[in-house]
Amino acid sequence: MRVLAILSLAVMVSSLPSFGQKVAATPPMGWNSWNHFAGHVTDADVRSAADSLVSTGMRDAGYVYVNVDDTWQGKRDPQGVMHANERFPDMKALGDYIHSKGLKFGIYSSPGAQTCAHYEGSLGHETQDAKSYAEWGVDFLKYDLCSFQSNMRKVEAEHPDDPNAAKNLMIAVYRKMGDALKATGRPILYSLCQYGVDQPWKWGPELGANMWRTTDDIDDSYGRMIAIGFSQAGLAKYAGPGHWNDPDMLEVGNGKMTEDEYKTHMSLWVLLAAPLLAGNDLTKMSDADKNILMNKEAIAIDQDALGKQGDRLYESGDLDVWTKPLSGGRVAVGLFNRSWSTRDVSVDLSEIGFKGGGSVRDVWKQTDLGRRSGVFTSRIPKHGVTLIVVGK
Ligand code: GLA
């Protein structure tokens, strides 16, 4: 009897994917349905994304969350319990399927009455919804402000003398879901999506958030991607193990940027210690997409144990240099060329801790460039990047 009880406890514990581990000790990695499938996503799409994470090697490269974004929701029953719509026949079964592949299950809701795509949100049902998520085996919740902005505008109008009325209301509703998730006893990664309104990096960690969006939405264009990526300067001090700045999901593989532009995207995101949530159709990945998303050395920069976000070293016109401190005294450096022609971009190694020079490794070329000292210069194509790791 006792053996049985111990055995069943062991089974219970092993079926909780993140039990005993710190949630988001390194930036979360996985896939999210929105950037490619948007409002058309189905249970079958999500299952095939899970299959593809395994067959492409993405899972083994670290991409473990399978996140269903907006439009899975159906209606509440008379008891207020939330049910999925006809495109998602059984959320618990979907969660079980995802877990059976060694992956984790993510879901999406809004603190407002409605989500951004006008599906049912969690307002007034936070505890009930958190309980349903835990029952379905959810490991990740993206909580998207959306229609709650109208509640904020209302309270603002009602309290014209209180400049913090809207902000306080927003923080309270995010705290409510954070507490509800905690109360389930299941480790559920909590991802705030409110587009950086009122600097969530300053109050997110305290209410249990593991990541928070810092900007409005990305799209699959070089202009939008760099506008977001290069606007992240100065936020490094707010990120660390368990709590990360989120400049939004990846667009690599969605087809509207060049290979050099997608390399810029990936390089910038790993230097930012950003969550890496692929947003492409994993069933149709080109070799170039795979090489970008699964470059082990790029991923290792993002996931480095030191847990420090990178920041801008200097910028000159369309040329930009960013560094990220890594464990073992190493430093990752991104040399970016945002211009429309090939340009030389340089970094002085003595300025980044290598006065006597250091060994340089090119991450995209996957080659050792040997020992270098003084100014390191790289010739970079338009919209391209050279990503290096410098060590003693
Ligand atoms: C907002 C979010 C996006 C996505 C959509 C879904 O725009 O920022 O990431 O979740 O809503 O409707």
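These numbers were taken from a predicted model, which means no experiment stands behind them.

Caption draft 1: Representation of the nonpolar core within the structure. Tyr63, Trp72 and Met266 are the most contacted members of the largest nonpolar core, which has 91 residues in total. Ranked by residue count, the leading element in this core is helix 8 (residues 165-183), at nine residues. Not counting chain neighbours up to four residues away, the residues in contact with Trp72 comprise Met82, His83, Ala84, Asn85, Phe88, Met91, Ile107, Tyr108, Tyr133 and Trp136. Counting 15 residues, the second-largest nonpolar core is a separate cluster that includes Leu319, Val347, Ile388 and Val390.

Caption draft 2: Molecular detail of the site of the ligand. The environment of the ligand is made up of 13 residues, and the closest members are Asp69, Asp70, Lys142, Asp144 and Asp217. Asp70 places a side-chain nitrogen or oxygen 2.8 Å from an oxygen atom of the ligand. In the model, an oxygen atom of the ligand is placed 2.8 Å from a nitrogen or oxygen of the Lys142 side chain. When the free accessible area of the ligand is taken as 310 Å², the share hidden by the protein chains comes to 92%.

Caption draft 3: Region of the structure containing the state of the cysteines. The final tally for this structure, using the stated rule, is one disulfide. One disulfide in the model links Cys116 with Cys146; its S-S distance is 1.9 Å. Judged by the torsion about the S-S bond (-90 degrees), the Cys116/Cys146 disulfide is left-handed. Of this pair, Cys116 sits in the loop between strand 5 (104-109) and helix 6 (126-136) while Cys146 sits in the loop between strand 6 (140-144) and helix 7 (148-158), placing them 30 residues apart in sequence.

Caption draft 4: Region of the structure containing the sheet that holds strand 12 (residues 319-325). Read across the open sheet, the six strands follow the order 11-12-13-18-15-16; overall the sheet is antiparallel. For this open sheet the edge positions go to strand 11 (311-316) and strand 16 (367-372), each flanked by a neighbour on one side alone. Strand-to-strand twist in this sheet, taken as the mean axis angle between neighbours without regard to direction, amounts to 20 degrees. Note that strand 15 (residues 358-362) and strand 18 (residues 385-391) share four bridges and pair antiparallel. Its bridge partner lying in strand 18, Asp362 is registered against Ile388. Its contacts with the sheet place helix 11 (residues 259-271) against strand 12, strand 13 (331-337) and strand 18, and it is angled at close to 145 degrees to strand 13.

Caption draft 5: View of the packing of helix 10 (residues 222-229) against helix 11. Two elements in contact, helix 10 and helix 11, have axes whose closest approach is 10 Å; the angle formed by their N-to-C orientations is 20 degrees. Judged by the inter-axis angle, helix 10 sits roughly parallel to helix 11. Handedness of the helix 10/helix 11 crossing: left-handed. For the pair helix 10 and helix 11, the contacting residues are Tyr222, Met225, Ile226, Ile228 and Gly229 in the first and Glu261, Thr264, His265, Leu268 and Trp269 in the second. A class-by-class count of the residues in the contact of helix 10 with helix 11 yields six nonpolar, three polar and one charged.

Parameters at a glance
- Residue indices begin from 1 for each chain and proceed along its sequence in written order.
- Per-residue local features are limited, in this predicted model, to residues with pLDDT of at least 70; the limit for side-chain atom pairs, both in listing and counting, is 80 or more; totals at the level of whole chains, interfaces and linings are taken over all residues.
- Where side-chain values are given, they derive from all heavy atoms of the structure, hydrogens and water being excluded.
- We call a set of buried residues a nonpolar core when its members are Ala, Val, Leu, Ile, Met, Phe, Trp, Tyr or Cys and they connect through side-chain atoms within 4.5 Å of each other.
- Three exposure classes are used, based on accessible area relative to the maximum for each residue type with a 1.4 Å probe and protein chains only: buried under 20%, partly exposed in between, and exposed over 50%.
- Only runs of H or I of at least four residues qualify as helices and only runs of E of at least two qualify as strands under DSSP, and these elements are numbered from the N terminus.
- Whether two residues touch is decided by their heavy atoms; if any such pair falls within 4.5 Å, the residues are in contact.
- For this description, a residue counts as near a given molecule or strand if any of its non-hydrogen atoms is within 4 Å of it.
- Residues adjacent in sequence count toward polar contacts only when both atoms are side-chain atoms; beyond that, a polar contact is any pair of N or O atoms within 3.5 Å, and within protein one must be able to donate a hydrogen and the other to accept it.
- Exposure was quantified through the Shrake-Rupley algorithm and a 1.4 Å probe, taking into account, for residues, occlusion by the shown protein chains and nothing else.
- When two cysteine sulfur atoms are found within 2.5 Å, that pair is recorded as a disulfide.
- Strand pairing is defined by DSSP finding a minimum of two bridges between the two strands.
- To define axes, lines are fitted to C-alpha atoms, for helices over the stretch in contact only, and angles between the resulting N-to-C directions are given on a 0 to 180 degree scale.
- Put simply, angles under 35 degrees are roughly parallel, angles over 145 are roughly antiparallel, angles from 65 to 115 are roughly perpendicular, and the rest are oblique.
- A clockwise turn of the near helix away from the far one marks a right-handed crossing, whereas an anticlockwise turn of less than a right angle marks a left-handed crossing.
- Throughout this entry, Asp, Glu, Lys and Arg are counted as charged residues, while Ala, Val, Leu, Ile, Met, Phe, Trp, Tyr, Cys and Pro are counted as nonpolar. The remaining residues, Gly among them, count as polar.

What is shown is where atoms sit, not what they do.
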